[in-house]
Structures are given as structure tokens and as C-alpha cells.
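Observations on chain architecture
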Amino acid sequence: TTVKTSAGYGTILKSRLRDRSKGSGSDDLTERRIKRAEKQQELHEQKKETGLMKGTNHEQKADDGTPGVATDFEAFKSTEEYPSGASMNRIFVDMDKEVVFLPVNGQPVPFHISTVKNVVMPEEDKAAYLRINFYIPGQSLGKDAPKQMAAIIEKHKASTEQCFIKEFTYRSLDARSLTQQYRLILELRKRAKGRETQAAEEADLVIQAKLVKNRRDTKTPRLADLTMRPPLAGRKTIGNLDAHTNGLRFTSARSHEIVDLMYANVKHAFFQPCLSEIMVIIHFHLINPIMIGKKKTKDVQFMTEVMEASQALDQRGSMYDPDEVEEEQRERRMRKELNNKFRQYTAKVKDVSQKFGFNLEFDIPYRELAFNGTPHREMITLQPSVNCLVNLTDMPFFVLDTSEVEHVHFERCTMASKNFDVVFVNKNFDLPPRLVNAIDMKDLDAIQEWLTDIGITTTVGTVNFNWKQMMNLIKEQMQEGIFWADEDNDGQEKPVGWYMLDAGGDEGDSDDSDGGSSSAYSAKDGASSDDDDDSSEDDDDDEEEFEEEVESDYDEEEDEEAEGQSWDELEREAKQSDNAKREWDKKTELQEEKARPSKKQKRRR
């Protein structure tokens, strides 16, 4: 009903509270959540059946961090092969043989650089000092220890026949010569460490087939003036990309360096047009890594920038400036031309690969399903595609193959949280899970919907797990064959499969699942006593009585407010309070005037 007040016309509502329901939108969301929960239950049941059939057939790979072969270092077969620079009273560094000659009792003794732990040269006083420390048993070797030296120490650590030297300290009045040898030892250690690191990176490289070029009478598809990432030799690399019979070849424009990508080694290929970004991208995710420069990589990208990534802020412009309008139109045309150019090139590469028996499909990420997250150190935009979850704009690249994902767990999903974390568990349990942190809570439903559509099981929790310990626990249960069972080895009830991660579950998960999280986390190990049951029942009765009293008090207050004064009475009270305030202000002013001294009194003072 509409009433007239001193402020105008107003409407009296039936309810004092706002209608918080969103109508059909909230109903559709609830219905989708229920359907998603039912689908997730089916996926969990399928995982359970498949897991029970496989049993404990989860392959465990050998640890790559095992020590190498315990072979002794041999730089010289006899003393006759010693270099001429090795003298009886001087330190000499042989860079070719990677050996440091140290004088011991007047004789030069060679020590391989891999045996040297560190070199220390204190501040010189009257004389210079040089201390050389070696790897010995009983001390932590550290991550930088050479594998061969670690294997030797592991082999002889319990032996009583072998003797290890801990350190040598040398004193010399010739500080210049000692400082030079100190620098040479540091340089030799750096070279040896770099060589070992490069050998470790190249250990799992697969020899690629040689590129077969197109015939001369065949037109080769080419994209010119492309920037390759990661770059060659740490600098921006610009060149041309040609599509040949069995692979692609990138040729640098300046140094003419060559990078070959075989069609058979491409696992996923992506084409990302320039819509809201500043670049057009062709990206290749490889099966086996290749060496680019001195680094091993599985992701190679070729792109062209449409506009500058940075713009000067001191340049003031106007929306009516014809130069700026022309520049924006030119940028739109360039975006359109580059998108068409790259799209046509991907179609030609696809035709060439299929012509020679290779199946190369270019995938375009779904921009509509994009969300922001932090898989590394900075916030990036992640976009799902047909087979992957990718970020191709920022380095390091993020490419997650969804076919290699066994399960996805959502962490920190509470009503008070503004964001949450996602953990992707790999099918190979030896690989660490991949985490994406700080995702906005508004993207939770969309991500769960996408994962459910592609058939990946999910669970929801409120806390963060220690995933190193959690994966060890999962592998132990897999080996014991109880991961997919509803009872452990002692016959006690346990959550089935991935429900062990669920601390509350998705909407309806705890009610629909067998052996779900609610029953797993609320059940106690032993049966409670009768006294505990009686006390819990008494507590429940007290709580119910207290709730009834609170509800009754609240109802009485509502009735009193509902039977309150009318609008006229409220207006009358408001006028009375205004009049009383005016009278009080007048009395206050009169009292202040009386308290002020007159002019005669001021003169007398």
C-alpha cells in the first residue's frame, strides 16, 4: 500500500527483509550442481571399478637421484704424464685434465676437481692463506656434489682401509700467485659443474630424425619475421618458419642457426589468435624434449607482436585526434591480417603433415572458459582447450595435458574465502602434483563443470594438504591394494578412493557417495560408552530448549514491532523532538549570553 508522509509518498512492504532469491537463475544453478554431483558420483564409481580390476598395477619408476657408478678418478696413468708446470712447492691447475696439483711433502700430488668441495681464501695479513676442503664421509654432500664422488663416498664410508683427506691449508708470501691459483680452481669447478649439468640434461634426450626438405618444384609454406621463444643464446631470435616433408625448420635471420621440429615429436599444437592479447601465437608442445641453446625444453613457440607491450604515459591524447583514430584502425586491420595469415599457415601445415602420413591438429584455446590463477610466481590467464589447460602468453609456459590427469582436488573452498587452490594429480604418481593457486571463487562452478564434462573426478576440501606426504600415503595404499576398498587392513571403515581427500565434498557429494567424506571423517575409531551417549543427548536437549527460547523471544519482538505506532504517530513524535531540540538550543544561547562579560566590566579589567 502507498501512504503519504512528510517526505512524500512511500510504499509499505509485506516483509521488512529484501528478497534475496535470484529467481530462475539460482534455480538453474542449483539444478546444474545437482546434476554435476550425480555425474561425479558416476565417475568415482567408474574409477573404483577400474582400480579394483587393475589392483596394484601402478608402475613405479626408478629414482633419478641415485648415485652414479663408483669408479675411481684416473687422470694420469703414471707420473711421466704430469705436465711440466707441476712443481714440488707450487699449486698448479691443469684445466685440460681437470686436476689440481697440490704439493705434499715436496711432491706434486694430483687431485681431481670433483673431489674438491670448496676453496676458501681468507683476508691476507703478512702472508696469504688458501684452504682447500674435500668431500669426506660423515658430512652432508649437498645437492651440488658430483654423482661419481657421491658414489665413491657411499662405497667406502664403512671401510676401515680407505683414508680420506679433509682439507689442505697453504701459506705463501707471494699473495699474487696464490690468488691466481684460487681463481683458476674456482673457474675449473664452474666448468666441471656446467659439464655435468649439461650431461644430465642430455641424458634423456631422444635422437631426432633428420629433416627431409621439400622438392624444389614444391612450394614450401613459410611464415616470415617470427620471434621464437625460448630464444637462442639468451637474446631475441627472429627468423622464418618453413614446413617440410617430415617437420618444421626455423632459421634465424642473423646467425642462421637452425631449429628442427619433427611432426612425429609434436604432442600438441596450438594456434592462439590475437583478440585481447598483443601477439599471435603458434605453439608446439613436444613429446621428447629438445636442446635450444644450452637448455632442454618441451615447449617451442613462434609469435608476432601486433602492438607494443608498453606505451609512454606522458603522451596525452584525445578521442577526437585523427592520428590516434587512424592508429587504432591500422591496429585493427593488422590484427585481422595477422590472424588470417597465421590461420592459413596452420591449415597448410596440417595439409602437408597429413599428405606424408602425420596427423597434426592445431587446437585453439577456449577464451570463454578462461580464468586467472598462479601456477608459478605471478598471476596468469589459464585457458582450457580440447586436450589441455594452457597459458601461452607468459613465460614460463603452462601446458597441462588433461589426459595425464588422474584426479583434481579443490583446496580452501569455504564460505569466507575469496579464492581457492586447485591441485592436479598426475596418473604417474612419481611426478609431483601441479598446483594452481589464488583462483577467484566465482570461477569454481565453471571449472568444476568443465572437469566433469571431460570426465575427471573432483573432490573439494577446506584445508591445504602436504602433497608429498599425501602422495606417499596414496602409493602405500595402492601397493597394499586398499585404496579402492571401503575397509583398511584392520577391517575399519575408510573413505573409498579419492574421497579420502574430500572434507565436506561438492554440493550433494557427501549425501550421494558411498563411504564418502562425511562418514569417513565423522566416525570415531571406537564405540562410545553409554554415559557419553546420555550426556550428548542431554546436551542436545539443552540446545533445543535454548533455541526454542531464542525463537520465542524473537517472535515476541517481531509481534511488538508489527503492532507498533502508525505513520501519523511517528510524525507527531518527530515534530515534538524537533521542537524540544529548538527550545534547548535557545536556552543554551541565553545562558551563554548571560555568562559573557559586558563592555564596562571589560574596561574595568
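We now turn to the structure provided with this report. These numbers come from a predicted model, not from an experiment.

**A few points about the packing of aromatic side chains**
Per the stated rule, a full pass over the model turns up 17 aromatic pairs. For the ring pair F250 and F302, a centre distance of 5.3 Å and an interplane angle of 35° mean the geometry is tilted. Taken together, the residues span a long stretch of sequence, with F250 in strand β11 (residues 247–252) and F302 in strand β15 (residues 295–305) at a distance of 52 residues. Here F250 matches F302 in class, with each residue buried.

**Things to note about the side chain of Q181**
For Q181, the position within the fold is in helix α3 (residues 175–201). The contacts of Q181, once residues within four sequence positions are left out, are I91, F92 and V93.

**Overview of unusual backbone geometry**
Of note, the bond from R229 into P230 is cis; its omega dihedral lies within 30 degrees of zero at -5°. Put simply, M395 and P396 share a cis peptide bond, and its omega is 0°. Positionally, P396 belongs in the loop between β19 (388–391) and β20 (398–401). Even without being a glycine, N105 presents a positive backbone phi close to 55°.

**Quick look at the sheet that holds strand β18 (residues 380–384)**
Sheet strands line up and pair through hydrogen bonds in the backbone, either parallel or antiparallel. Spatially, the 4 strands line up as an open sheet ordered β17-β18-β19-β20, and their pairing is antiparallel. If you trace the sheet from one side to the other, it starts and ends with β17 (371–373) and β20, each paired once. Neighbour to neighbour, the strand axes of the sheet diverge by 25° on average, direction disregarded. In this sheet, β20 lies alongside β19 in antiparallel orientation, the contact comprising 4 bridges.

Rules and cut-offs
- Residues numbered from 1 in each chain as written.
- Predicted model: local features only at pLDDT ≥ 70, side-chain atom pairs only at ≥ 80, totals over all residues.
- Heavy atoms only, no water.
- Phe/Tyr/Trp six-rings, centres within 6.5 Å; stacked < 30°, edge-to-face > 60°.
- Helix = DSSP H or I, 4+ residues; strand = E, 2+ residues; numbered from the N terminus.
- Buried < 20%, exposed > 50% of the residue type's maximum accessible area, 1.4 Å probe, protein only.
- Contact = heavy atoms within 4.5 Å.
- Pairing = 2+ DSSP bridges.
- Axes fitted to C-alpha atoms, helices over the stretch in contact; angles between N-to-C directions.

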